Structure formats: structure tokens, C-alpha cells
Amino acid sequence: MHDKYSRLQTILTEMESVVVAFSGGVDSTFLLDAAIKTLGSERVLAVTADSETYPTEELEAAIQLAKSIGATHKVIETSELSIPGYKENNANRCYFCKKSLFEHIEPFVRDGSYRQIVYGLIADDMNEHRPGVQAAKERGVRGPLQEAGLYKDEIRDLSREHGLPTWDKPSFACLSSRIAYGETITIEKLGRVGEAERYIRSLGFGQIRVRSHGDIARIEVEPSAMEQLISHAAIISDRLKELGFIYVAMDLAGYRSGSMNKVLELGGAAI
């Protein structure tokens, strides 16, 4: 693990200066911290994209994290729903998102202030459906954590060693990932899912996903939290129905990253 961190520092050193696509999650926070420790704050810029799919509380947390790390931080405005091909929500949705994100960040390297755009790709991601990786390759954007061979568990352990508060932060993905492939993404649906998850987290839950399948809310929590979820079943059901869902269900398989991709294995979504 520590050898991999040394490899990460070597990779960053070779880049000389970087712009970090910074969401405030476990991986991008660790990458930003490593970049500053390796290159110095004057050669690192953190850029966060504020959009419809990014909850306000996540943006606020990212701003505070960047400040605590000592990073120069810029917030840019983007709109995924205005990107052609995105709201149709096919299996390559993330390609359009990442392509747009990197295009918005490119001016920071185009003017010569920084040499390389980097993002929080990790070794685990190479075994999952990640259309955004292709967008990164096309734009010359690199994933130093993945190049160093770092996995999520190792990043969490190193983050704890380095005193980063995100070491045990629940994994997060954009709100669009909660909406079933083929179902059109709208502001209303994003808001409904975001509020549903905020409410359930307020009851003391950590890792939580509310997956939207039309009128059905499919709730994923860690297996260890299922009993707790059932104990709150009535109030959770009532609140989610107030938000517009007709049926509220718990997924007995529990939380797992990218569970919406299961339909791709069955050929149930357009590519």
C-alpha cells in the first residue's frame, strides 16, 4: 500500500502541475491531498462542477474540504441535462457527463497555468461499467490513483493515516445514477431522489441509495443496516410517498456500487 503511494507521488511529480476534478468524495479528496503534498499548493488547482446532479450539501462539503487541505479551488457551473444524449439515460450516459466536465476544465490547462487534468479513477473502477473512462482517454485526462494500482480500501486506509475526514465517508455517485437506464432524467426526478436520500440519512443511515424505477423506490443499505431500515419502515414509506413514489421497497441484496448496471448484463438497456 505504501509502495503504491510512493508510485502515486512519482506519477504526480512527472506531471509537474495538475488540475484535479474534485467532487469531495473519498478518491478525489485523497488525490487532491496527495497532489498538494507532492507538488505544492501553487502547482495544484481543484475544480468542482456544480450542476443539477450534484447535491448542495456535497458542494458545500467539497468547498470546506478544499479549504482544509489548503487547495486553490474553483467552482464552475455545468448542466448535464443540457448535454445532448445525457437525459435520455442510455448506458453511455456517463460518457457524455465526463466529456462535458473535462471540456469545461480544459481552459485551465490550455492557458499554460497547469499541465495535466487528473480525476479520481481507481483500480476498482476497471472492473465496472465506466463509460467515463473512454471520455477521459479521448481528452488526455489521467487517473493517477488507478495508474498507481490503488484500490478503494487502500485509499481509505491511507486517507485515515493522512488525517483526511473522508476516510470513512460513504461512497457517492451523481444522482442520475439512481434512475433506471432508459428512464428519462428530469430535474423533478433528481430532486425526488436527492430528498429521499437526505431524509433517510437524517435517520442515522450512512451508505444509502434510493434507486428510482418509475413509481418504485428501491432502497439499498448495507446488510447490517437492514434491520434498522425495517424499524423505520412506516415513516420512510410515508415520506417517500409524499415525494411522489407509489411503492417503496428494500433491496434484499443490500447496497452495492453500480447495481443499476445489472440490467446491462441482461441486455435490458440501450448502449
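Residues numbered from 1 in each chain as written. Predicted model: local features only at pLDDT ≥ 70, side-chain atom pairs only at ≥ 80, totals over all residues. Heavy atoms only, no water.

As annotated in an unreviewed UniProt entry, the chain is NAD/GMP synthase domain-containing protein from Paenibacillus endophyticus.

1. Things to note about the packing of helix α2 (residues 26–39) against helix α8 (residues 152–161)
Relative to each other, α2 and α8 sit at 55°, their axes nearing to 10 Å. It follows that α2 is oblique to α8 by the angle criterion. The two elements α2 and α8 meet at a crossing, and its hand is left-handed. Where α2 approaches α8, its residues V26, D27 and F30 are matched on the opposing element by K152, I155, R156, L158 and S159. (Axes fitted to C-alpha atoms, helices over the stretch in contact; angles between N-to-C directions. Helix = DSSP H or I, 4+ residues; strand = E, 2+ residues; numbered from the N terminus. Parallel < 35°, antiparallel > 145°, perpendicular 65-115°, else oblique. Left-handed = near helix turned anticlockwise from the far one by under 90°. Contact = heavy atoms within 4.5 Å.)

2. A short note on the packing of aromatic side chains
The way to describe two aromatic rings as a pair is by their centre distance and the angle between their planes. Tallying each qualifying case throughout the model produces three aromatic pairs. Measuring from centroid to centroid gives 5.7 Å for Y95 and F96, while their planes differ by 80°, and the two rings are edge-to-face. We classify Y95 as buried; its relative accessible area is 19%. Relative to Y119, the ring of F102 has its centre 5.4 Å away and its plane inclined at 75°; by these criteria the two rings are edge-to-face. Here F102, found in helix α4 (residues 93–105), pairs with Y119, found in the loop between β4 (116–118) and α6 (131–139); they are 17 residues apart in sequence, far enough to count as distant. Overall, the relative accessible area of 0% leaves F102 in the buried class. You can call Y119 buried: its relative accessible area is 8%. Seen from the ring of W167, R160 lies directly overhead, with NZ or CZ sitting 4.7 Å from the centre. Taking NZ or CZ as reference, R192 lies 3.9 Å from the ring centre of F245, over its face. (Phe/Tyr/Trp six-rings, centres within 6.5 Å; stacked < 30°, edge-to-face > 60°. Buried < 20%, exposed > 50% of the residue type's maximum accessible area, 1.4 Å probe, protein only. Lys NZ or Arg CZ within 6 Å of the ring centre and 35° of its normal.)

3. Focus on the UniProt feature "domain: NAD/GMP synthase" (unreviewed entry) in the chain
Here the UniProt feature "domain: NAD/GMP synthase" (unreviewed entry) sits at residues 14–79. With 45% helix and 26% strand, residues 14–79 has end C-alpha atoms that lie 33 Å from one another. (UniProt positions renumbered as here; feature names shortened; annotations may be inferred.)

4. Details of the sheet that holds strand β6 (residues 216–221)
What the three strands build is an open sheet, ordered β5-β6-β7; its pairing is mixed. This sheet does not close on itself; its edge strands, each paired only once, are β5 (208–213) and β7 (247–250). Put simply, the sheet's adjacent strands are angled 25° from each other on average, direction ignored. Judged from the six bridges that link them, β5 and β6 form a sheet pairing that is antiparallel. By the bridge assignment for β6, R211 is matched with R218. On the sheet, helix α9 (residues 187–202) packs against β5 and β6 and is oriented at approximately 145° with respect to β5. (Pairing = 2+ DSSP bridges.)

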